[in-house]
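# Understanding the architecture of this molecule
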Amino acid sequence: MSTPPLAGAGMPPGAFSGPQAQAAREVNTASLCRIGQETVQDIVFRTMEIFQLLRNMQLPNGVTYHTGTYQDRLAKLQEHLRQLSILFRKLRLVYDKCNENCAGLDPVPIEQLIPYVEDDGSKHDDCGVASQLRFAGEERREIMEVNKKLKQKNQQLKQIMDQLRNLIWDINAMLAMRN
């Protein structure tokens, strides 16, 4: 998943000449963004490898038991850091080239990028939204009234049940006194 270094990453400007240099200048911004995305992915991958090497690496605490392994891991770590540095330089070149290509563009407000079916429909939508809000308010009031009536009916039923319970209690008490 490693990407070879960009042509200009470690070389002076003008090292290439002829059709290659002209082709490099005519790369469109979308391709540059794709290259930049791949470079960022490579940077993340390399960084994960570096952290994995650091996690597996033992600290040099004076023990000479695994010095060969330690030296190998240290060399791998230094190579990964060197490649990571190259990738960051490549990303900087891509970033600068994208900024250079986009310098002449006027920023477009985000609202203008949203497509509308028709402009007259938006006025009708505003009226539609207002009527929907009015309808929702009326519906809410009706629901509140129904809830209020329901609570009143529940209260009446509770009172009737209490009266019936008391009546049954009294009837049971009279039957118990009769026996």
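Residues numbered from 1 in each chain as written. Predicted model: local features only at pLDDT ≥ 70, side-chain atom pairs only at ≥ 80, totals over all residues. Heavy atoms only, no water.

### Here's the deal with the overall build of the chain
Helix and strand counts for the chain stand at five helices and zero strands. The order of helices and strands in the chain, counted from the N terminus, is α-α-α-α-α. Put simply, the chain has 179 residues, and 12% of those count as buried. Long-range pairs, those at least 24 residues apart, make up 82% of the contacts in the chain between residues at least 6 apart in sequence. Of the roughly 15400 Å² of accessible surface on the chain, 59% is carried by carbon and sulfur atoms. (Helix = DSSP H or I, 4+ residues; strand = E, 2+ residues; numbered from the N terminus. Buried < 20%, exposed > 50% of the residue type's maximum accessible area, 1.4 Å probe, protein only. Contact = heavy atoms within 4.5 Å. Areas by Shrake-Rupley, 256 points an atom, 1.4 Å probe, with all protein chains shown as cover.)

### What about a nonpolar patch on the surface?
A surface patch of nonpolar side chains, amounting to about 670 Å² of accessible area, comprises L157, I160, L164, L167, I171, M174 and L175. For L175, the location among the structural elements is in helix α5 (residues 119-178). (Patch = residues over 30% accessible without salt bridge, like charges linked within 9 Å, V, L, I, M, F, W, Y side chains within 5 Å. Salt bridge = Lys/Arg side-chain N within 4 Å of Asp/Glu carboxyl O.)

### Let's talk about the pattern of salt bridges
For the structure on display, the rule yields six salt bridges. Salt-bridge contacts for E100 lead to K97; the nearest nitrogen and oxygen are separated by 3.6 Å. Taken together, the residues span about one helical turn, with E100 and K97 both in helix α3 (residues 67-102) at a distance of three residues. With relative accessibility at 55%, the residue E100 sits in the exposed group. In this structure, D162 and R165 form a salt bridge, with 2.8 Å as the shortest nitrogen-oxygen distance. Placement of the pair is D162 and R165 together in helix α5, with a separation of three residues, close to one helical turn.

### Examining the environment of F51
Within the element layout of this structure, F51 appears in helix α2 (residues 29-56). Sequence-wise, F51 and L77 are 26 residues apart; in three dimensions their C-alpha atoms are separated by 9.3 Å.

### A closer look at the nonpolar core
Nonpolar side chains in soluble globular proteins tend to end up buried together. Among the nonpolar cores identified, the biggest contains six residues, and these are I43, I50, M57, L77, L84 and L87. Elements represented by at least two residues in this core include exactly α2 and α3. A total of three residues in this core trace back to one element, the largest contributor, which is α3. (Core = buried A, V, L, I, M, F, W, Y, C linked by side-chain atoms within 4.5 Å.)

### A closer look at the confidence of the model for the chain
Within the chain, residue pLDDT values average 79, and 74% of them lie at 70 or more. Least confident of the elements in the chain is helix α1 (residues 19-25), whose mean pLDDT is 50; most confident is α2, at 91. Scored below 50 in pLDDT, residues 1-19 shows 18 contacts in the model against residues more than four places distant or in partner chains. (pLDDT = per-residue confidence, 0-100.)

### Focus on α2
Here α2 spans 40 Å end to end across 28 residues, near enough to the 40 Å set by a 1.5 Å rise per residue. Elements in contact with the buried residues of α2: α3. (Expected span 1.5 Å × (residues − 1).)

### Section: the environment of V27
Within the secondary structure layout, V27 lies in the loop between α1 and α2. When the C-alpha positions of V27 and N101 are compared, they lie 9.7 Å apart, and in sequence the two are 74 residues distant. Setting aside its immediate chain neighbours within four residues, V27 contacts L32 and N101.

### With respect to α3
For α3, which comprises 36 residues, the first-to-last C-alpha distance of 52 Å matches the rise-based estimate of 52 Å (1.5 Å per residue) to within 8%. Those residues of α3 not exposed but buried are L77, H80, L84, I86, L87, K90, V94, K97 and C98.

### As for the side chain of H80
In this fold, H80 is placed in helix α3. According to the relative accessible area criterion, H80 is buried, its value standing at 14%.

### Section: the packing of α2 against α3
Across the interface, α2 lies against α3 with an axial gap of 9 Å and an inter-helix angle of 160 degrees. Between α2 and α3, the crossing angle belongs to the class labelled roughly antiparallel. Regarding α2 and α3, the two cross each other, and that crossing is left-handed. Of the residues assigned to the contact of α2 with α3, the class counts are 17 nonpolar, eight polar and seven charged. (Axes fitted to C-alpha atoms, helices over the stretch in contact; angles between N-to-C directions. Parallel < 35°, antiparallel > 145°, perpendicular 65-115°, else oblique. Left-handed = near helix turned anticlockwise from the far one by under 90°. Nonpolar A, V, L, I, M, F, W, Y, C, P; charged D, E, K, R; others polar.)

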